[in-house]
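# Tertiary structure, described
Single-letter residue listing:
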Amino acid sequence: MLSTKVTCNSHGQDSSYFLGWEEYEKNPFDEVKNPNGIIQMGLAENQLSFDLLESWLQNNPHASSFKKPNTNHSIFKELALFQDYHGLPAFKNALVRFMSEIRGNTVTFDPNNLVLTAGATSANETLMFCLANPGDAFLIPTPYYPGFDRDLKWRTGAEIVPIQCSSLNGFRITKSALEEAYKQAEKQNLKVKGVLVTNPSNPLGTSLNLHELDLLVDFVSDKNIHLVSDEIYSGTVFNSPSFISIMDVLKNRNLMNTDVRKRVHIVYSLSKDLGLPGFRIGAIYSNDDCVVSAATKMSSFGLVSSQTQYLLSEILSDKTFTKTYLSENRRRLKQRHEMLIKGLQKAGIRCLQSNAGLFCWVDMRHLLSSDTFEGELELWEKIVYEVGLNISPGSSCHCSEPGWFRVCFANMSEETLILAMQRVKSFVESMVKKNNFQSRHQQLLNRNSRRTKSLPKWVFSLSFDQREVGADER
């Protein structure tokens with residue numbers, strides 16, 4: 001008597017990505033209460049700059065007490081009664097200015113084209129409802145965020161067709177990979193409605209370069225389909241090359257007044273750049289009036305509270321604070337990123353070169369027992385249960401090559417990260433010792449086998465007979 005949404009298994013909750021979280025929740029690390037517990041390295045949270053936000057709140061108590069600046073006039077009742085799903089104008093204006101600031105003010109955003117949603121999850125799903133019918137497909141480069149299987153498909157009925165990217169070129173998007181994915185969709189009788197990319201990439205931690213962005217614009221223009229650019233990590237770019245938004249490409253190619261512009265949509269959120277996932281602040285930016293209108297109506301199912309909007313409008317309107325925050329947050333991310341890289345290098349593990357995000361794409365192919373996804377899951381289970389680290393296996397991100405893992409570094413203290421790296425180093429060293437022992441043992445067996453084969457049969461027979469006699473005497 002239940003709907004198929006209740007009984008089907010398309011949510012993706014059985015993915016190793018989510019299963020790792022479940023194991024962590026059963027045995028969470030705590031430096032005092034549970035020092036041998038599992039350390040959470042599968043959660044892309046930015047906890048490095050909370051002190052900056054807390055300091056701002058202490059210096060601006062009017063914002064959290066819902067009073068107008070420099071007065072004692074309370075606006076609590078006004079906020080509590082506000083129900084317009086278009087959002088507070090002050091917040092939308094502040095948010096588009098912040099988005100421009102992240103992009104070096106090279107592009108501007110119109111607040112009338114912005115739709116507020118309860119986080120990027122809601123934004124991506126809402127866009128799917130607007131752009132695709134059940135059974136239509138979106139092409140997504142691999143590896144991609146495991147939650148997309150839930151966000152884009154579960155309730156919308158849309159399909160995902162992977163754009164297979166390879167480690168041979170650092171998992172960069174190529175024209176041939178785009179065309180091949182489109183052909184695969186056609187073979188499955190799927191109507192392709194668009195391409196969705198995450199820029200910077202989750203889980204790679206790399207930003208798309210200009211060549212890739214030009215390829216994408218050319219591809220969607222040629223196929224007459226949509227392009228969704230999820231730019232939720234745009235403010236986390238801590239190293240060169242600098243971030244290039246899809247809006248920069250449209251502007252520089254003089255496409256702002258063309259139909260292509262109407263088919264390009266941006267998803268954004270404050271969950272990563274400001275580290276506020278619990279505030280559920282997401283947004284859709286679209287140049288298509290019909291999409292904006294439909295998405296605004298749909299947003300009534302997942303609104304951002306007016307109190308949250310007011311608080312964030314005050315924070316983002318402080319230009320001195322946002323400038324300081326973005327600069328300092330990037331510095332801290334870079335420092336923490338380097339800590340992870342160096343810690344893994346000491347264990348003989350390398351990572352894909354990256355410049356953004358809250359994680360690294362880690363290469364553990366040399367630690368696999370077999371070059372298969374079964375070997376990857378076997379290694380992942382050892383890391384979760386024996387090492388006590390929850391990391392995300394590449395297979396959960398639909399990576400086409402076994403042995404890659406996403407490891408997060410910004411959701412813990414420095415001390416916890418150091419401990420995690422010590423655990424990894426000890427684990428790798430124990431594996432090397434075990435493999436060396438097994439290798440020496442196998443070499444010895446092979447040498448004895450060769451020696452035995454070189455002896456005359458009567459020597460082997462005599463040795464065997466003596467061994468039997470000895471056994472009888474006992």
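Data block above holds the structure.
Remember, it's a predicted structure, so these values are computed and weren't measured experimentally.

## Thoughts on the pairing of strand E8 (residues 282-286)
Within E8, five of the five residues are buried, leaving the element largely enclosed by the surrounding structure. Here E8 shows no split at all, with Gly282, Ile284 and Ser286 on one side and Ala283 and Tyr285 on the other all buried. Relative to E8, strand E7 (residues 264-269) runs antiparallel, the two sharing five bridges. What sits directly across from Ile266, in E8, is Tyr285.

## Points about the sheet that holds strand E6 (residues 226-230)
Spatially, E2-E8-E7-E6-E5-E3-E4 is the arrangement adopted by the seven strands of the open sheet, whose pairing is mixed. Each having just a single partner strand, strand E2 (114-117) and strand E4 (159-163) make up the two edges of the open sheet. Averaged over all pairs of adjacent strands, the angle between their axes in this sheet comes to 25°, without regard to strand direction. Sheet analysis places E2 next to E8, joined by four bridges and oriented antiparallel. In the strand pairing of E8, Thr117 is matched with Gly282. The sheet strands contacting helix H7 (residues 119-131) are E2, strand E3 (137-141), strand E5 (192-198), E6, E7 and E8, and the helix crosses E7 at an angle near 160°. Running over the sheet, helix H9 (residues 175-187) touches E3, E4 and E5 and is turned about 145° from E4.

## As for the environment of Ile281
Within the element layout of this structure, Ile281 appears in the loop between E7 and E8. Put simply, Ile281 and Leu116 are 165 residues apart on the chain and 7.3 Å apart in space, counted from C-alpha to C-alpha. Apart from the residues lying within four places of it in its own chain, the contact partners of Ile281 are Phe91, Thr117, Gly119, Ser269, Leu270, Val304, Thr308 and Leu312.

## Here's the deal with the packing of helix H2 (residues 16-26) against helix H16 (residues 373-387)
As a packed pair, H2 and H16 sit with axes 11 Å apart at the nearest point and diverge in direction by 20°. Overall, the two elements H2 and H16 adopt an arrangement that is roughly parallel. Where H2 crosses over H16, the two elements pack in a sense that is right-handed. Between H2 and H16, the residues in contact are Ser16, Leu19, Gly20 and Glu23 and Leu377, Trp380, Val384 and Tyr385, respectively. Its residues assigned to classes, the contact of H2 with H16 comprises five nonpolar, two polar and one charged.

## Quick word on the sheet that holds strand E10 (residues 359-363)
Spatially, E9-E10-E13-E12 is the arrangement adopted by the four strands of the open sheet, whose pairing is antiparallel. Two strands lie at the open edges of the sheet, namely strand E9 (350-351) and strand E12 (392-393), each paired on one side alone. As defined by bridge partners, E12 adjoins strand E13 (residues 404-408) across two bridges and the pair is classed as antiparallel. Bridged to Ser392 within E13 is Arg406. Contacts from helix H15 (residues 319-346) reach E9, E10 and E13, with the element oriented near 15° to E10.

## A look at the packing of aromatic side chains
Evaluated as defined, the whole model comprises 12 aromatic pairs. Considering the side-chain rings of Tyr144 and Phe148, the 6.3 Å spacing of their centres and the 35° angle between planes classify their relative orientation as tilted. Between the aromatic rings of Phe321 and Tyr325, the centroid separation amounts to 5.8 Å while the plane-to-plane angle is 40°, which identifies the pairing as tilted. With Phe321 and Tyr325 both in helix H15 and four residues apart, this pair spans about one turn of that helix. For the pair Phe321 and Tyr325, one class covers both residues: buried. Put simply, the rings of Trp56, Phe321 and Tyr325 touch in pairs and so form one group of aromatic residues. We note Lys223 situated over the ring of Tyr182; from NZ or CZ to the ring centre the distance is 4.4 Å.

## Details of the pairing of E3
A large share of E3 lies buried, amounting to five of its five residues. Residues of E3 alternate between two faces, with Ala137, Leu139 and Pro141 on one and Phe138 and Ile140 on the opposite face, all of them buried. Pairing of E3 with E4, which is carried by five bridges, proceeds in the parallel orientation. Within E4, the residue paired with Leu139 across the bridge is Val161. One ladder, built from three bridges, connects E3 with E5; its direction is parallel. Within E5, the residue paired with Phe138 across the bridge is Gly194.

## Examining the packing of helix H6 (residues 89-102) against H15
In helix packing, the relevant descriptors are the interaxial angle and the interaxial distance, both defined with respect to the helix axes. Their axes nearest at 11 Å, the elements H6 and H15 cross at an angle of 45°. Viewed along their axes, H6 and H15 adopt a mutual orientation that is oblique. Crossing geometry of H6 relative to H15 is assigned as right-handed. Mapping the contact onto sequence places Arg97, Phe98, Glu101 and Ile102 in H6 and Lys319, Thr322, Lys323, Leu326 and Arg330 in H15. Residue composition of the contact of H6 with H15, grouped by class: three nonpolar, one polar and five charged.

Quick notes on the rules
Residues numbered from 1 in each chain as written. Predicted model: local features only at pLDDT ≥ 70, side-chain atom pairs only at ≥ 80, totals over all residues. Heavy atoms only, no water. Buried < 20%, exposed > 50% of the residue type's maximum accessible area, 1.4 Å probe, protein only. Helix = DSSP H or I, 4+ residues; strand = E, 2+ residues; numbered from the N terminus. Pairing = 2+ DSSP bridges. Axes fitted to C-alpha atoms, helices over the stretch in contact; angles between N-to-C directions. Contact = heavy atoms within 4.5 Å. Parallel < 35°, antiparallel > 145°, perpendicular 65-115°, else oblique. Left-handed = near helix turned anticlockwise from the far one by under 90°. Nonpolar A, V, L, I, M, F, W, Y, C, P; charged D, E, K, R; others polar. Phe/Tyr/Trp six-rings, centres within 6.5 Å; stacked < 30°, edge-to-face > 60°. Lys NZ or Arg CZ within 6 Å of the ring centre and 35° of its normal.

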